[in-house]
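# Structural features, examined
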Amino acid sequence: MSKAVLSLGANLGDRLRTLREALAGIGPALVRASSTYETPPWGDTDQPAYANAVAIVDDPAVDAHGWLTLAQRLENSAGRVRDPDRRFGPRTLDVDVIAVWSDGVPVVQDDPALILPHPRAHLRAFVLVPWLEIDPAAELPGHGPVSGLLDGLADDIAGIHKLA
């Protein structure tokens, strides 16, 4: 059994439509999706606001790299173009693999292609707020309860607004 948490964000084009299509593209592995939240850009603030959501996915046939492959397929389908000069720049769709569990055990890895758990997830209210919405008991492996992680992100939380 492989379960994962995926973070989805878009700030170019029809953001809500892009997120709906990406969630639909997950297919039967989609267990639950959060509401959509508008959030200020993170890391590179000279760009439009994002629409963000979190999905919990589950498929016994998919491992951690399989979730990364799905994330990249969803991004490519949305026309994602990576700008090497703007790591946190605007994008049609960004899908990050936040955490993966295999048979209930957190996957911890330091593979350059996929670090798990996501190394900055504990700092990102735009990930934690929607995740907590759909899993109030959520825990980020290595960091603890998501609810506790939000305690230190009050300024970031203030800029997040539910869209749908």
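Up top is the structure.
All of these numbers come straight from a predicted model, not from anything done at the bench.

## Considering the overall build of the protein
When its secondary structure is counted, the protein shows 5 helices and 11 strands. The C-alpha radius of gyration computed for the protein amounts to 15 Å, which stays within 12% of the reference 15 Å derived for 164 residues, consistent with globular compactness. Within the protein, the proportion of its 164 residues that are buried is 48%. Here the analysis covers contacts within the protein between residues at least 6 apart in sequence; of these, 69% occur between residues at least 24 apart.

## Topic: unusual backbone geometry
Omega for the peptide link from Leu116 to Pro117 comes to -10 degrees, which places this bond in the cis form. By the element assignment, Pro117 lies in the loop between strand E8 (114–116) and helix H3 (125–134). Located in the positive-phi region is Asp103, a residue other than glycine, with phi close to 55 degrees. Considering the arrangement of structural elements, one finds Asp103 in the loop between strand E5 (94–102) and strand E6 (105–106). Overall, the relative accessible area of 59% leaves Asp103 in the exposed class.

## Some remarks on the packing of helix H1 (residues 15–26) against helix H2 (residues 64–77)
In the contact formed by H1 and H2, the axes pass within 10 Å of each other and the chain directions differ by 140 degrees. Taken together, the axes of H1 and H2 lie oblique to each other. Along this stretch, H1 crosses H2, giving a crossing that reads as right-handed. Each of Ala22, Gly25 and Ile26 in H1 lies in contact with H2, whose residues at this interface are Leu70, Arg73 and Leu74. Among the residues making up the contact of H1 with H2, the classes are represented as 4 nonpolar, 1 polar and 1 charged.

## A few points about H2
Look at H2: 20 Å from first C-alpha to last across 14 residues, which is about the 20 Å you get at 1.5 Å a residue. Buried within H2 we find Ala64, Trp67, Leu68, Leu70, Ala71, Leu74 and Glu75. For H2, the buried positions fall inside an angular range of 160 degrees around the axis, keeping them on one side. For H2, the exposed residues lying more than 90 degrees away from the buried face are Thr69, Asn76 and Ser77. Each element contacted by the buried residues of H2 is listed here: strand E1 (2–10), H1, strand E4 (50–58), E5, strand E7 (109–111) and E8. N-capping of H2 is provided by Asp63, with a side-chain oxygen placed 3.3 Å from the backbone N of His65. The first or second residue beyond H2 is Gly79, which carries a positive phi of 80 degrees.

Cut-offs used in this document
- Residues numbered from 1 in each chain as written.
- Predicted model: local features only at pLDDT ≥ 70, side-chain atom pairs only at ≥ 80, totals over all residues.
- Heavy atoms only, no water.
- Helix = DSSP H or I, 4+ residues; strand = E, 2+ residues; numbered from the N terminus.
- Rg over C-alpha atoms; globule rule 2.2 N^0.38 Å.
- Buried < 20%, exposed > 50% of the residue type's maximum accessible area, 1.4 Å probe, protein only.
- Contact = heavy atoms within 4.5 Å.
- Axes fitted to C-alpha atoms, helices over the stretch in contact; angles between N-to-C directions.
- Parallel < 35°, antiparallel > 145°, perpendicular 65-115°, else oblique.
- Left-handed = near helix turned anticlockwise from the far one by under 90°.
- Nonpolar A, V, L, I, M, F, W, Y, C, P; charged D, E, K, R; others polar.
- Expected span 1.5 Å × (residues − 1).
- Arc of directions from axis to C-beta.
- Polar contact = N/O pair within 3.5 Å; in protein donor to acceptor, adjacent residues only side chain to side chain.

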